[in-house]
Amino acid sequence: MVKSMMKFWSKKANEGKKSEKKRAFTLVEILIVVAVIGILFVTLVPRIDFAGDKARETGVKTDFRSFELAAEQVLRENAGIGEFCDASGDADIAELAGANGINLYLDKAIKFNTSGVCAKQDQWNQEYTMQIIESSDGNKNNGAIMFISNGKDSVLSETEDNYALVVTYYDGQIEAET
């Protein structure tokens, strides 16, 4: 009887210990969680970087819209780029960037100097530049004003990270193309 009582009490003692045992994560479970987090990280990081580039592009487009409106106003008021030609008939960027040129319609922060460089830099800390393109038809009023942002690599090339806006004046018609 004593043996049977000891068995009974030892079972009761073991049952209590079993229920008090804490459940822990296994190494395999921890490794699976780490792998899933790593995969999520790898898939989301490029998208975050892409969003930053999109934001920079939007900033450049906003600046280009200001340049476009100012260029259209200058071309409309002067009936083309003829007013900005020097004595030999060549277009003069200093005249276009002068007090009666495009800077008349731009905010102080985004005005151009006499060499055609903007006071404000683009979102990649590169200079905006302005150029005059003369028409080949002999009409000195016809031509275009081009604004350029070289993008993040700061090199003018045919890759996707360069941005250009061209505002053309041809026989009284003004068009803008980015």
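Residues numbered from 1 in each chain as written. Predicted model: local features only at pLDDT ≥ 70, side-chain atom pairs only at ≥ 80, totals over all residues. Heavy atoms only, no water.

Student: Would you take a moment to explain the sheet that holds strand β2 (residues 127-134) for this structure?
Tutor: To summarise the sheet geometry, strands pair through backbone hydrogen bonds and adopt either a parallel or an antiparallel arrangement. One open sheet holds the five strands; their spatial order is β1-β2-β3-β4-β5, and the pairing between them is antiparallel. Looking at the sheet topology across the chains shown, the edges are occupied by β1 (117-121) and β5 (173-177). In this sheet, neighbouring strand axes are inclined to one another by 15° on average, regardless of whether the strands run parallel or antiparallel. Examined bridge by bridge, strand β4 (residues 163-170) and β5 share five bridges and lie antiparallel to one another. By the bridge assignment, T168 is partnered in β5 with E175. (Pairing = 2+ DSSP bridges. Helix = DSSP H or I, 4+ residues; strand = E, 2+ residues; numbered from the N terminus. Axes fitted to C-alpha atoms, helices over the stretch in contact; angles between N-to-C directions.)

Student: Would you take a moment to explain the nonpolar core for this structure?
Tutor: For soluble globular proteins, nonpolar side chains are generally found buried alongside one another. One finds F67, L96, I102, F112, M130 and F147 to be the most contacted residues of the largest nonpolar core, which totals 27 residues. Looking at this core, the elements that each hand over two or more residues are α2 (27-78), α3 (93-96), β2, β3 (143-149) and β4. Residue contributions to this core peak at seven residues, all from α2. M130 has contacts with I93, L96, A97, I102, F112, G116, I145, M146 and F147, leaving out every residue within four places of it along the chain. (Core = buried A, V, L, I, M, F, W, Y, C linked by side-chain atoms within 4.5 Å. Buried < 20%, exposed > 50% of the residue type's maximum accessible area, 1.4 Å probe, protein only. Contact = heavy atoms within 4.5 Å.)

Student: Before we go on, may I ask you to explain a nonpolar patch on the surface in this structure?
Tutor: Where nonpolar side chains cluster on the molecular surface, the patch consists of V28, I32, V36, L40 and L44 and spans about 460 Å² of accessible area. Along the chain, V36 turns up in helix α2. (Patch = residues over 30% accessible without salt bridge, like charges linked within 9 Å, V, L, I, M, F, W, Y side chains within 5 Å. Areas by Shrake-Rupley, 256 points an atom, 1.4 Å probe, with all protein chains shown as cover. Salt bridge = Lys/Arg side-chain N within 4 Å of Asp/Glu carboxyl O.)

Student: Any chance you could explain the pairing of β4 here in plain terms?
Tutor: Each regular strand displays side chains that alternate between the two surfaces of the sheet. Side-chain alternation along β4 places Y163, L165, V167 and Y169 on a buried face and A164, V166, T168 and Y170 on a face that remains uncovered. Relative to β4, β3 runs antiparallel, the two sharing seven bridges. Bridging from a neighbouring strand, F147 pairs with L165 of β4.

Student: Even after reading the chapter, I still don't get the side chain of N103, so can you show me in this structure?
Tutor: Along the chain, N103 falls in the loop between α3 and β1. Residues contacting N103, with those up to four places away along its chain left out, are L96, A97, G98, K111 and F112.

Student: Looking at this structure, I do not really get the environment of N78. What am I missing?
Tutor: Summarising the element assignment, N78 is placed in helix α2. As a C-alpha pair, N78 and G101 span 23 residues in sequence and 9.3 Å in three-dimensional space. Separated by 2.8 Å, the side chain of N78 and the backbone oxygen of V74 make a polar contact. (Polar contact = N/O pair within 3.5 Å; in protein donor to acceptor, adjacent residues only side chain to side chain.)

Student: Honestly, the pairing of β2 in this entry has me stumped. Any pointers?
Tutor: Across two bridges, β1 lies against β2 in antiparallel orientation. Of the residues in β2, the one forming a bridge with V117 is T129. From the end of β1 to the start of β2, which pair antiparallel, there are five residues, and N125 there has a positive phi angle of about 60°. The pairing of β2 with β3 spans seven bridges and is classified as antiparallel. Its bridge partner being in β3, T129 is matched across the sheet by I148.

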